[in-house]
Amino acid sequence: MKSIVILISGRGSNMEAIVQAAIPGARIAAVISNRPNAGGLAFAAAQGIATAVVDHTAYAERAAFDAALAEAIDSHAPDLVVLAGFMRVLTPGFVRQYEGRLINIHPSLLPSFTGLHTHQRALEAGVRVHGTTVHFVTAELDCGPIIIQAVVPVMAGDDEATLSARVLAQEHRIFPQAVRWIVEDRVSIDGNVARVAGVREPGVLISPPPENV
Ligand code: GAR
């Protein structure tokens, strides 16, 4: 049985998708938030999952926050740490400590649109496709080996709300898939490339095209 700790900062819908996937061989040991009022904490508690808050505002230094966070995580001895809408940049020391067992979901087709406000920036750039990426976390922000991506169309009349909703629906599909592959020990890292054993087209899902194309 693999033990998983999920970190959230807010709504927690991706965490919920992973919990609800009930992945065989995986146990969600804890959900930890850096914000006491994160909506996802109530869902996790209602599922009987241990929850904890490590409030970043209580720490003057990033490194001190990361040390407290690591302590909370390590008390569950996880095999995998999952960043599911966790909105704090982690120090290189923290990332090194969890290298190879720390994954993140990012709301764009990396390496495009690293950082924040990805949907608005995609609209402003006029891209025709957009999407989401699950990747291993490395010291460089939003740059680690890609496990899976989902592509969605950008449609005429889209605004940030419609585009982000279309992307979020795909996040809820690919994040549990990535976790499942890791729990099954099928994912290996080769330089900056992640490989998934037994997947012919490793990690790319194209969502169904819109009906009017
Ligand atoms: C998701 O869209 C996720 O990709 C994004 O935050 C949202 C969290 O939603 N993550 C980032 O922007 C990380 N830089 P959720 O709380 O409902 O899962």
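Looking at an unreviewed UniProt entry, one finds the protein named Phosphoribosylglycinamide formyltransferase and attributed to Denitromonas halophila. Under the heading Catalytic activity (unreviewed entry), UniProt records this for the protein: "N(1)-(5-phospho-beta-D-ribosyl)glycinamide + (6R)-10-formyltetrahydrofolate = N(2)-formyl-N(1)-(5-phospho-beta-D-ribosyl)glycinamide + (6S)-5,6,7,8-tetrahydrofolate + H(+)". We quote the UniProt Pathway (unreviewed entry) comment for the protein here in full: "Purine metabolism; IMP biosynthesis via de novo pathway; N(2)-formyl-N(1)-(5-phospho-D-ribosyl)glycinamide from N(1)-(5-phospho-D-ribosyl)glycinamide (10-formyl THF route): step 1/1."

J.: Got a sec to walk through the site of the ligand? Specific residues and values, please.
T.: The full set of residues close to the ligand is R11, G12, S13, N14, G85, M87, I105, H106, P107, L168 and E171. A distance of 2.7 Å is found between an oxygen atom of the ligand and a backbone nitrogen or oxygen belonging to G12. Protein coverage of the free-state accessible area of the ligand, which is 450 Å², stands at 86%. At a threshold of 2 Å from the grid points, most atoms of the ligand map onto the largest pocket. Secondary structure elements with two or more residues in the shell around the ligand: α1 (13–20), β5 (102–106) and α6 (160–183). Its residues assigned to classes, the shell around the ligand shows four nonpolar, five polar and two charged.

J.: Break down the UniProt feature "active site" (unreviewed entry) in the protein for me, citing the residues and quoting the values.
T.: The UniProt record annotates "active site" (unreviewed entry) at H106. Setting aside anything within four residues of it in sequence, one finds H106 in contact with F113, T114, G115, T118, T132, T133, H135, D142 and E171.

J.: Explain the packing of helix α5 (residues 118–125) against α6 residue by residue, including any values.
T.: For the pair α5 and α6, interaxial distance at closest approach is 9 Å and the crossing angle is 115°. In terms of orientation, α5 and α6 fall into the roughly perpendicular class. Both α5 and α6 take part in a crossing whose hand is right-handed. Where α5 approaches α6, its residues H119, Q120, A122 and L123 are matched on the opposing element by E160, L163, S164 and V167. Its residues placed into classes, the contact of α5 with α6 shows four nonpolar, three polar and one charged.

J.: Before we move on, could you go through the pattern of salt bridges and cite the residues and values that matter?
T.: Working definition: two side chains of opposite charge can pair if their charged atoms are close together. Inspection of the entire model under this criterion finds four salt bridges. One salt bridge in this structure joins D185 and K2, with 3.2 Å as the shortest N-O distance. Here K2 lies in strand β1 (residues 2–8) and D185 lies in the loop between α6 and β8 (187–190), a separation of 183 residues in the sequence. According to the relative accessible area criterion, D185 is exposed, its value standing at 59%. Given a relative accessible area of 22%, K2 falls into the partly exposed group. With its nearest N and O atoms 2.9 Å apart, the salt bridge here joins R195 to D190. On the basis of relative accessible area, R195 is assigned to the partly exposed category, the value being 44%.

About the criteria used
Residues numbered from 1 in each chain as written. Predicted model: local features only at pLDDT ≥ 70, side-chain atom pairs only at ≥ 80, totals over all residues. Heavy atoms only, no water. UniProt positions renumbered as here; feature names shortened; annotations may be inferred. Near = heavy atom within 4 Å. Polar contact = N/O pair within 3.5 Å; in protein donor to acceptor, adjacent residues only side chain to side chain. Areas by Shrake-Rupley, 256 points an atom, 1.4 Å probe, with all protein chains shown as cover. 1 Å grid on protein atoms, 1.4 Å probe; cavity = no way out; pocket = protein on both sides within 12 Å on 5 of 7 lines; lining within 4 Å. Sits in = over half its atoms within 2 Å of the grid points. Helix = DSSP H or I, 4+ residues; strand = E, 2+ residues; numbered from the N terminus. Nonpolar A, V, L, I, M, F, W, Y, C, P; charged D, E, K, R; others polar. Contact = heavy atoms within 4.5 Å. Axes fitted to C-alpha atoms, helices over the stretch in contact; angles between N-to-C directions. Parallel < 35°, antiparallel > 145°, perpendicular 65-115°, else oblique. Left-handed = near helix turned anticlockwise from the far one by under 90°. Salt bridge = Lys/Arg side-chain N within 4 Å of Asp/Glu carboxyl O. Buried < 20%, exposed > 50% of the residue type's maximum accessible area, 1.4 Å probe, protein only.

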